[in-house]
Amino acid sequence: MTVQRPTGPRALEPATAALVCVIAWLVPGAGHLWLRRSERGLVFLVALSAMFVLGLTLEGRIFPFELSQPLVALAAAADLGSGALYFGAWALGYGAGTVAAPSYEYGNTFLITAGLLNLLVVIDAFDTAVGRK
Amino acid sequence: MQSHLLLLIVFAALVSAVFAVLQRERPRDQVRLGLLLFAAFVGTALVAGWLMFPFPLGAR
């Protein structure tokens, strides 16, 4: 069994690739912007930030990590995928969620999806950084 | 923003854009995949909505 190692001409050092991942997680699209994939980075930045802000506007909830409630903990993990947006909203007191609001579930869907999509973007940034794409 | 249809369309547009840019390299291919995904999202939701139309809204 052979192991394929990155051989792309623009492959970065593992430590730098890891840093790209952290930056990509913290700010959606920032990893691609760093890697000079500007168009991609801007699409991710605009689309994922808009999804997160819309989720808050629709009175969605930023879920806390409650291990006693596994589904809530999973939703929290997904929310955390939005990186700095998650921490910023939490620090500013947004994302309390209004269960009685008609748009509550829509808001949660936008928030959770934004986080999960950003995790896919982080993986794509890593693949680009190590020369696989 | 209370319109379910508008929220569906906004959600489909944003998710389709991200998926298309992730999955395709060339801008032309990205646009094509994005439009296909968007149509699939909205079309599937509308069909599923009409299929559920005869169901009762709740126990009475």
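Anything mentioned here points back to the structure above.
Here we summarise the structure given alongside this text. None of these values were measured; they are calculated from a predicted model. (Residues numbered from 1 in each chain as written. Chains lettered and ligands numbered in written order. Predicted model: local features only at pLDDT ≥ 70, side-chain atom pairs only at ≥ 80, totals over all residues. Heavy atoms only, no water.)

### Remarks on the packing of helix H1 (residues 14-26) of chain A against helix H6 (residues 104-129) of chain A
All names here are of chain A.
- Interhelical geometry of H1 versus H6 gives an angle of 155° and a closest axis separation of 9 Å. As judged from the angle between their axes, H1 and H6 are roughly antiparallel. The interaxial crossing formed by H1 with H6 has right-handed handedness. Mapping the contact onto sequence places Ala17, Val20, Cys21, Ala24 and Trp25 in H1 and Asn118, Leu119, Val122, Ala125, Phe126 and Ala129 in H6.
- Tallied by class, residues from the contact of H1 with H6 come to ten nonpolar, one polar and no charged. (Axes fitted to C-alpha atoms, helices over the stretch in contact; angles between N-to-C directions. Helix = DSSP H or I, 4+ residues; strand = E, 2+ residues; numbered from the N terminus. Parallel < 35°, antiparallel > 145°, perpendicular 65-115°, else oblique. Left-handed = near helix turned anticlockwise from the far one by under 90°. Contact = heavy atoms within 4.5 Å. Nonpolar A, V, L, I, M, F, W, Y, C, P; charged D, E, K, R; others polar.)

### Observations concerning the side chain of Asn118(A)
- Within the secondary structure, Asn118(A) is located in helix H6.
- Leaving out residues up to four positions away in the same chain, Asn118(A) has contacts with Ala24(A), Trp25(A), Pro28(A), Gly29(A), Leu48(A), Gly81(A) and Ser82(A).

### Let's talk about the environment of Phe11(B)
- Within the secondary structure, Phe11(B) is located in helix H1 (residues 4-23).
- Looking at Phe11(B), the relative accessible area reads 17%, which means it is buried.
- For Phe11(B) and Asp29(B), which are 18 residues apart along the polypeptide, the C-alpha to C-alpha distance reads 21 Å.
- For Phe11(B), the residues in contact, after removing those within four places along its chain, are Met51(A), Thr109(A), Phe110(A) and Thr113(A). (Buried < 20%, exposed > 50% of the residue type's maximum accessible area, 1.4 Å probe, protein only.)

### Concerning the packing of aromatic side chains
- If you walk through the whole model with that rule in mind, you get five aromatic pairs over all chains.
- Taking 5.3 Å as the distance between ring centres and 80° as the angle between the ring planes, the aromatic pair formed by Phe110(A) and Phe11(B) counts as edge-to-face. In this pair, Phe110(A) sits in helix H6 while Phe11(B) sits in helix H1, so the two residues belong to two different chains. Phe11(B) carries the same exposure label as Phe110(A), and that label is buried.
- Ring geometry for Trp50(B) and Phe53(B): centres 5.4 Å apart, planes at 50°, overall tilted. The pair Trp50(B) / Phe53(B) is uniform in exposure class, with both members exposed.
- Members of the aromatic cluster, each reached through a chain of ring pairs, are Trp25(A), Tyr86(A) and Phe87(A). (Phe/Tyr/Trp six-rings, centres within 6.5 Å; stacked < 30°, edge-to-face > 60°.)

### Observations concerning the interface of chain A and chain B
- In this complex, chain A contributes 20 residues to the contact, which on the side of chain B involves 16 residues.
- Carbon and sulfur atoms make up 79% of the area that chain A and chain B hide from each other, which totals about 1600 Å².
- At the boundary of chain A with chain B, the tally comes to two salt bridges.
- Residue Glu25(B) is joined to Arg40(A) by a salt bridge in which the shortest nitrogen-to-oxygen separation is 3.2 Å.
- Where chain A packs against chain B, one counts four residue pairs in polar contact (both at pLDDT 80 or more).
- At the level of elements, helix H3 (38-57) and H6 of chain A are the ones that each hand at least two residues to the side of chain A that touches chain B.
- Across the side of chain A that touches chain B, the residue classes tally to 14 nonpolar, two polar and four charged. (Buried area = accessible area lost by both parts, 1.4 Å probe. Salt bridge = Lys/Arg side-chain N within 4 Å of Asp/Glu carboxyl O. Polar contact = N/O pair within 3.5 Å; in protein donor to acceptor, adjacent residues only side chain to side chain.)

### Things to note about helix H4 (residues 70-80) of chain A
- Taken together, the buried positions of H4(A) are Val72(A), Ala73(A), Ala75(A), Ala76(A), Ala78(A) and Asp79(A).
- On its buried side, H4(A) packs onto helix H5 (84-91) and H6 of chain A.

### Things to note about the pattern of salt bridges
- What the rule picks out here adds up to five salt bridges over all chains.
- Note that Asp127(A) is salt-bridged to Arg132(A), the shortest N-O span being 3.0 Å.
- Since its relative accessible area comes to 18%, Asp127(A) is described here as buried.
- Through salt bridges with shared partners, a single ionic network connects Arg37(A), Arg40(A), Asp124(A) and Glu25(B).

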